[in-house]
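The lines below spell out each chain.
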Amino acid sequence: MSVIAQREAASGGLWSRMSLGQKQVIWAWGFLAVPLIFYVVIRFWPTFQAFYLSVTDWTITKPASFVGLENYKRLSADPLFWQVFRNTFMYLILGTPISLLISFVVAYYLDRVRFMHSFIRALYFLPFLTTAAAMAWVWRWFYQPVPIGVINDILSSLGIPQQPFLRSTSQALPAVLAPAIWAGLGFQIIIFLAGLRAIPVTYYEAARIDGLSEWAILRKITLPLLKPTLVFLVVFSSIGFLRIFDQVYNINTNDPGGPLNSTKPLVLMIYQTAFSSYEMGYAAAQTVVLFLILLVISLIQLRIMRDR
Amino acid sequence: MNVAASSQGLPMSRVKPGRIIAWTLLFIGGVIMVTPLLFMLSTSLKDASQVYDLRVIPAAPTLDNYSEILGDGRFTRWFINSMIVAVIVTLSNVFFDSLVGYTLAKFRFRGRYIIFIAILSTLMIPTEMLVLPWYLMASQFGWLDSYWGIMFPGMMTAFGTFLMKQFFEGVPDDFLEAARIDGLNEFTIWWKIAMPLVTPALSALAIFTFLGNWTAFFWPLIVTTSADLYTLPVGLSSFAVEQSIQWEKIMTGASIATLPTLIIFLFLQRYIVRGVMLAGLKG
């Protein structure tokens, strides 16, 4: 705001001679001055710097020097990276369809329910407001063996053998994913509800007069008209699952990403490379790979959804 | 936007058995959704001897865990840290995002479109990619381990700017013209005339920014090293590691981190749900 005051003081007589249009232009740039500095310094400059750091051997102790594509070569030869790459996509491939399917089914039926509608909606929405880092500890406790863990207690009381969950290389990833899906459902349901509500009731009335079955109405009217909502949620939730970190880090703090790296996503690898091994240049190359993955996935999805 | 009036189904007078089954299943699903929260809360009210007793209603509820954890001072400190960070970042976003959104929506000047595209393009860049340069910047300027260090990356967001621009475009120009003829300056027109017309969008932006910063973990974990400056999620994580298997203590900490947003929700449910819808549809 001081910018505006200064400028007004400095311009004095000049200001009163300007046309309304000219004054508007000056006001506009006055309003944008601080934000533009912010975007240049905190967003654009760091973006270029990230690309630059990815071709250097910068570590905490040693200043950055240019090494070309060395970090990328090292990454492509690193078996840990490919394991992490697979894990990251497993979060996406399991997480996005499962969460969207559940949230669509819930929203579809919830939209027709009037009795206690907002109470039931609140039950589904509450987990969205939780802190992932805190909830990871709750789920970690659930997954413990008997007699601590709730899930294994229930299983054993039903006569089903105990499951290792976080201790098993095959069960750990779905077990880490579950709280992430759980916490995101509420948001997706609310967005689906908003999308369903935006479909004009007359469409349904016309379809019923024509004698279409509920299933046909769902396939021919509801889903096609929900496409913008669906595109938004697919892209939004995919990006979320590809960037998973809080849950993974907190659910196994003794060996984050374990057992045997079976739950380690790319963001956790970036964190460990940068802040445990202090290989900042190498970590920067990994962040560029993350950026490219997110970019490609978003573009592919937008493309597919548009064509259909 | 009235929720009860929204359902597109048939009138309630013709309740079919299918409806009752659907309602029951939805209700059971909803109860399952909140079960982890119920277990967290109920365990926080149990002492160490009752932890293995899995009844949801504790046999002998006690607030001892809370008084012990809050009594040692660290959680209070982390709570205050989180509150300071989340409130300041939220105020900053409400102010700057709407100022920029308004300028891009309502002023005609050369470069407007380029600036809009430039700001929007930052949405493509994941935070994780900027974290290393931010860390470098923070260490060079001595921002590590400070409130400003935690806050500076989020003071403005492209998402908020875009959202506000969408809403300001719906404000009729006549209103602003009338104010101009009355001799109000542009800043007053924005603050006193335009802002009150977009309060639903402002509350949506505020809710999202607050929630995002209250639950943020990745950047605060990186930028803070002394326990005094931890935010609640980072503090909870370090606390839980140190408690190892004292689950009732960990659940108490988790409850302290989670309850504020849940309580806010109970009071503001309508606004929050509407805000999420607005942000989702326009964003």
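Every value quoted in this text rests on a predicted model; they were computed, and no experiment measured them. (Residues numbered from 1 in each chain as written. Chains lettered and ligands numbered in written order. Predicted model: local features only at pLDDT ≥ 70, side-chain atom pairs only at ≥ 80, totals over all residues.)

**Here we look at the overall build of chain B**
Just so we agree on the cut-off: Elements are defined by DSSP. Helices are runs of H or I of four residues or more, strands are runs of E of two residues or more, and each kind is numbered from the N terminus. The reference for a compact globule is 2.2 Å times residues^0.38; the radius of gyration itself is calculated from the C-alpha atoms. By definition, residues are in contact whenever their C-beta atoms, placed on the basis of the backbone, come within 7 Å of each other.
Looking only at helices and strands, chain B features 13 helices and zero strands. When the elements of chain B are put in sequence order from the N terminus, they spell out α-α-α-α-α-α-α-α-α-α-α-α-α. Its C-alpha atoms give chain B a radius of gyration of 24 Å, clearly above 19 Å, the size a compact globule of 283 residues would have. Over its C-alpha atoms, taken along the principal directions, chain B stretches across nearly 70 × 70 × 35 Å. Within chain B, residue pairs in contact and separated by at least 24 positions form 73% of the contacts whose partners lie at least 6 positions apart.

**Describing the domain arrangement of chain A**
Filter applied, for reference: Each domain's extent is set by a domain assignment, obtained either automatically or from a database.
Parsing chain A into structural domains produces domain 1 (2–53) and domain 2 (70–307). A C-alpha centroid distance of 41 Å is found between domain 1 of chain A and domain 2 of chain A.

**Let's talk about the packing of helix α5 (residues 117–125) of chain A against helix α1 (residues 17–44) of chain B**
The cut-off we apply is this: Lines are fitted to the C-alpha atoms to define the axes, a helix being fitted only along its stretch in contact, and any angle between axes, read from their N-to-C directions, falls within 0 to 180 degrees. When the near helix sits turned anticlockwise from the far one by under a right angle, the crossing is termed left-handed; a clockwise turn instead gives a right-handed crossing. Under the scheme applied here, ten amino acids are nonpolar (Ala, Val, Leu, Ile, Met, Phe, Trp, Tyr, Cys and Pro), four are charged (Asp, Glu, Lys and Arg), and all others, including Gly, are polar.
Two numbers describe how α5 of chain A lies on α1 of chain B: the axes approach to 7 Å, and their chain directions differ by 35 degrees. The handedness of the crossing between α5 of chain A and α1 of chain B is left-handed. Touching I120, L123 and Y124 of chain A of α5 of chain A are L26, F27, G30, V31, M33 and V34 of chain B, all from α1 of chain B. A per-class count over the contact of α5 of chain A with α1 of chain B returns eight nonpolar, one polar and no charged.

**Structural notes on the packing of helix α8 (residues 173–181) of chain B against helix α9 (residues 186–194) of chain B**
The description of two packed helices rests on the angle between their axes and on the distance between the axes. Residue and element names in this part refer to chain B. Rules: Any angle that is under 35 degrees is reported as roughly parallel, and any over 145 degrees as roughly antiparallel; angles of 65 to 115 degrees are reported as roughly perpendicular and all others as oblique.
One can describe the packing of α8 onto α9 by two numbers: an axis separation of 10 Å at closest approach and a directional angle of 130 degrees. When the interaxial angle is binned, α8 and α9 end up oblique. Seen from above, α8 lies across α9 with right-handed handedness. Seen from α8, the contacting residues are F175, L176, A179 and R180; seen from α9, they are I189, I193 and A194. The residue inventory of the contact of α8 with α9, partitioned by class, reads six nonpolar, no polar and one charged.

**Side note on the UniProt feature "transmembrane region" (unreviewed entry) in chain A**
All names here are of chain A. Applicable threshold: UniProt positions are given in the numbering used here, feature names are shortened, and annotations may be inferred rather than shown by experiment.
Mapped onto the present numbering, the UniProt feature "transmembrane region" (unreviewed entry) falls on residues 25–45, 89–110, 122–142, 180–204, 225–245 and 282–302. The span residues 25–45 is 100% helix and 0% strand, and its two end C-alpha atoms sit 26 Å from each other. Segment residues 282–302 splits into 100% helix and 0% strand. End C-alpha atoms: 31 Å apart.

**Considerations on the confidence of the model for chain B**
Any region with low pLDDT has predicted coordinates that should not be read closely. Residues and elements named next belong to chain B. Our working definition: Across the chain, each position has a pLDDT score giving the predictor's confidence in that residue, from 0 to 100.
When pLDDT is averaged along chain B, the result is 89; 94% of the residues meet or exceed 70. Low pLDDT, under 50, characterises residues 1–12; the predicted model gives this stretch 15 contacts beyond four residues in sequence or across chains. Two numbers describe this predicted complex: its pTM, 0.89, and its ipTM, 0.89.

**Quick notes on the interface of chain A and chain B**
If you look at the interface, chain A gives 75 residues, while chain B gives 71 residues. Of all the elements, helix α2 (residues 20–53) of chain A adds the most residues to the side of chain A that touches chain B, at 16 residues. Here the residues of the side of chain A that touches chain B sort into 57 nonpolar, 10 polar and eight charged.

**Side note on the domain arrangement of chain B**
Residue and element names in this part refer to chain B. Under the domain assignment, chain B is made up of domain 1 (17–62) and domain 2 (73–282). Each of domain 1 and domain 2 was reduced to a C-alpha centroid, and the two centroids are 32 Å apart. The interface is formed by eight residues belonging to domain 1 together with seven residues belonging to domain 2. Across the side of domain 1 that touches domain 2, the residue classes tally to four nonpolar, two polar and two charged.

**Looking at the confidence of the model for chain A**
Predicted confidence across chain A gives a mean pLDDT of 90, with 95% of residues reaching 70 or more. Per-element mean pLDDT across chain A ranges from 62 in helix α1 (residues 2–17) of chain A up to 96 in helix α4 (residues 79–110) of chain A.

**Details of the UniProt feature "transmembrane region" (unreviewed entry) in chain B**
Residue and element names in this part refer to chain B. Sequence positions flagged by UniProt for "transmembrane region" (unreviewed entry) are, in local numbering, residues 20–41, 78–101, 113–135, 147–168, 189–211, 217–241 and 253–273. Annotated as residues 78–101, this span is 100% helix and 0% strand, and its ends, taken at the C-alpha atoms, are 33 Å apart. Here residues 189–211 is 83% helix and 0% strand, with 30 Å between the C-alpha atoms at its ends.

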